[in-house]
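For reference, the chains in residue letters:
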Amino acid sequence: MENRIICIGREFGSGGHEVGVRLSERLGIKVYEKHLLYLACQYGELSVKTMESSDEKATNPYLFQTVHEGNYRVTRGLPTSEVLFQLQSHEIRRIAARESCIFVGRCADYVLRDTDAKVLSVFVGAPVEQRIQRKMNQENLSYQKAKRLVHKMDLQRRKYYEHYTRTLWGGNHYDLRLDSSQLSMEQMVDQIAAAYEALR
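Overview of the structure. (Residues numbered from 1 in each chain as written. Predicted model: local features only at pLDDT ≥ 70, side-chain atom pairs only at ≥ 80, totals over all residues. Heavy atoms only, no water.)

Attention now moves to the overall build of the protein. Scanning the protein for helices and strands turns up 8 helices and 5 strands. Secondary structure elements of the protein, listed N to C terminal, follow the sequence β-α-β-α-α-α-β-α-β-α-α-β-α. In terms of C-alpha radius of gyration, the protein reaches 17 Å, essentially the compact-globule figure of 16 Å for 200 residues. Reported as C-alpha extents along the three principal axes, the dimensions of the protein are approximately 50 × 45 × 25 Å. Burial statistics for the protein: of 200 residues in total, 50% are counted as buried. Of the contacts formed within the protein by residues at least 6 apart in sequence, a portion of 67% connects residues at least 24 apart. (Helix = DSSP H or I, 4+ residues; strand = E, 2+ residues; numbered from the N terminus. Rg over C-alpha atoms; globule rule 2.2 N^0.38 Å. Buried < 20%, exposed > 50% of the residue type's maximum accessible area, 1.4 Å probe, protein only. Contact = heavy atoms within 4.5 Å.)

Right under this line is the structure:
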C-alpha cells in the first residue's frame, strides 16, 4: 500500500504547527517542518546559515542572494530560495516514498501531486484577531507587534505558496479546511486523524 501523507498549510498563529505535532503523537508517524531545511542543506552540501533566511520564502525579484556553493545537486547561480525549494522538494518526495508522515508547509501538497503517495491536504486558519491574540499570549507581544507579525508572516506564506504552486493559498482545493476559532485542538486532530485513517 502507498504511504499516507498529511500536508498541513496554515495561517500564521492558527495553531497549524501544534496540530501537526499532536497528530504525530496520535498517529505514531513523524512530522517534518523546520527539519526539512537541514535535510535539504545536507542533501545539497550547503550551509544552513546561508539558506535558512530563505526558508518558506518566495524570491524577491529586486533583492536576492544567489548560490555558488554546494555539490552537483545544486543549480549554481539561482536565488537561494529557488535552490532551497528544489532541494526541499526532493527531500519531501524521498521521505514520502519511504514512510507515512506529516509535512507542515513547504508546498508539500503541490510537491507530492504526481507521486504514488496517498495525500490528505489540510488548511488550518482562523480570523485574524484570534491569531493576533494567540501570538500576543505565546510570545508576550504587544497588540501592534503581534498584528504586524501576523500580517507579515501571512503575506510571506501566501507569496511563497502561490509563487511555486500557481494556486491560491488557503483556497478551496484542500481536502479539509479547519477554523481553529471554531474547533478545539483536540477536535481538529480528531477530524484529521479520521480522514487519514480513511485514506486507502
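For the rest of this paragraph, the subject is the pairing of strand β3 (residues 101-104). Of the two faces of β3, both are covered, the one formed by C101 and F103 as well as the one formed by I102 and V104. One ladder, built from 4 bridges, connects strand β1 (residues 4-10) with β3; its direction is parallel. Considered in β3, the bridge of I5 is made with C101. In terms of strand pairing, strand β2 (residues 30-32) meets β3 through 3 bridges, oriented parallel. Each residue of the ladder has a partner; that of V31, found in β3, is I102. (Pairing = 2+ DSSP bridges.)

Gaps left between atoms show up when a probe the size of a water molecule is rolled over them. Applying the stated criterion to the full structure yields 1 cavity of 30 Å³ or more. Size it by volume and the largest cavity reaches roughly 130 Å³. What lines the largest cavity is a set of 16 residues, and nearest its centre among them are G9, G105, R106, C107 and Y161. If you list the elements that add at least two residues to the lining of the largest cavity, you get β1, α5 (108-111) and α7 (143-165). Among the elements that make up the lining of the largest cavity, the one with the highest residue count is β1 (4 residues). (1 Å grid on protein atoms, 1.4 Å probe; cavity = no way out; pocket = protein on both sides within 12 Å on 5 of 7 lines; lining within 4 Å. Points joined across faces, edges and corners; volume = space filled by probe spheres on them.)

For the structure shown, the criterion picks out 17 salt bridges. R4 is paired through a salt bridge with E197; the nearest N and O atoms lie 3.5 Å apart. With R4 in strand β1 and E197 in helix α8 (residues 185-198), this pair connects stretches of sequence that are 193 residues apart. In this structure, R106 engages D55 in a salt bridge whose closest nitrogen and oxygen atoms are separated by 2.6 Å. Placement of the pair is R106 in the loop between β3 and α5 and D55 in the loop between α3 (48-51) and α4 (80-98), with a sequence separation of 51 residues. Across this residue pair, the class does not change: R106 and D55 are buried. It is possible to trace a salt-bridge network through shared partners that takes in R10, E33, K34, D55, E56 and R106. (Salt bridge = Lys/Arg side-chain N within 4 Å of Asp/Glu carboxyl O.)

Moving on, we come to the nonpolar core. Ranked by internal contacts, the top residues of the largest apolar core, which has 22 residues, are I5, Y32, L36, I92, I95, F103 and L112. Where this core is concerned, the elements lending two or more residues are β1, α2 (35-44), α4, β3, α5 and α7. Residue contributions to this core peak at 4 residues, all from α4. Apart from residues lying up to four places away in sequence, L36 is in contact with Q88, E91, I92, I95, F103 and R106. Grouped together as the second largest cluster of nonpolar side chains are 20 residues, I102, L176, L178 and A193 included. (Core = buried A, V, L, I, M, F, W, Y, C linked by side-chain atoms within 4.5 Å.)

Our focus in this paragraph is the sheet that holds β3. Judged by pairing direction, the sheet is parallel, and its 5 strands sit side by side in the order β2-β3-β1-β4-β5 without closing on themselves. Since the sheet does not close on itself, it has two edges, and those belong to β2 and β5 (176-179), each with one partner. The sheet shows a mean angle of 20° between the axes of neighbouring strands, taken without regard to direction. Across 4 bridges, the pairing between strand β4 (residues 118-125) and β5 is parallel. (Axes fitted to C-alpha atoms, helices over the stretch in contact; angles between N-to-C directions.)

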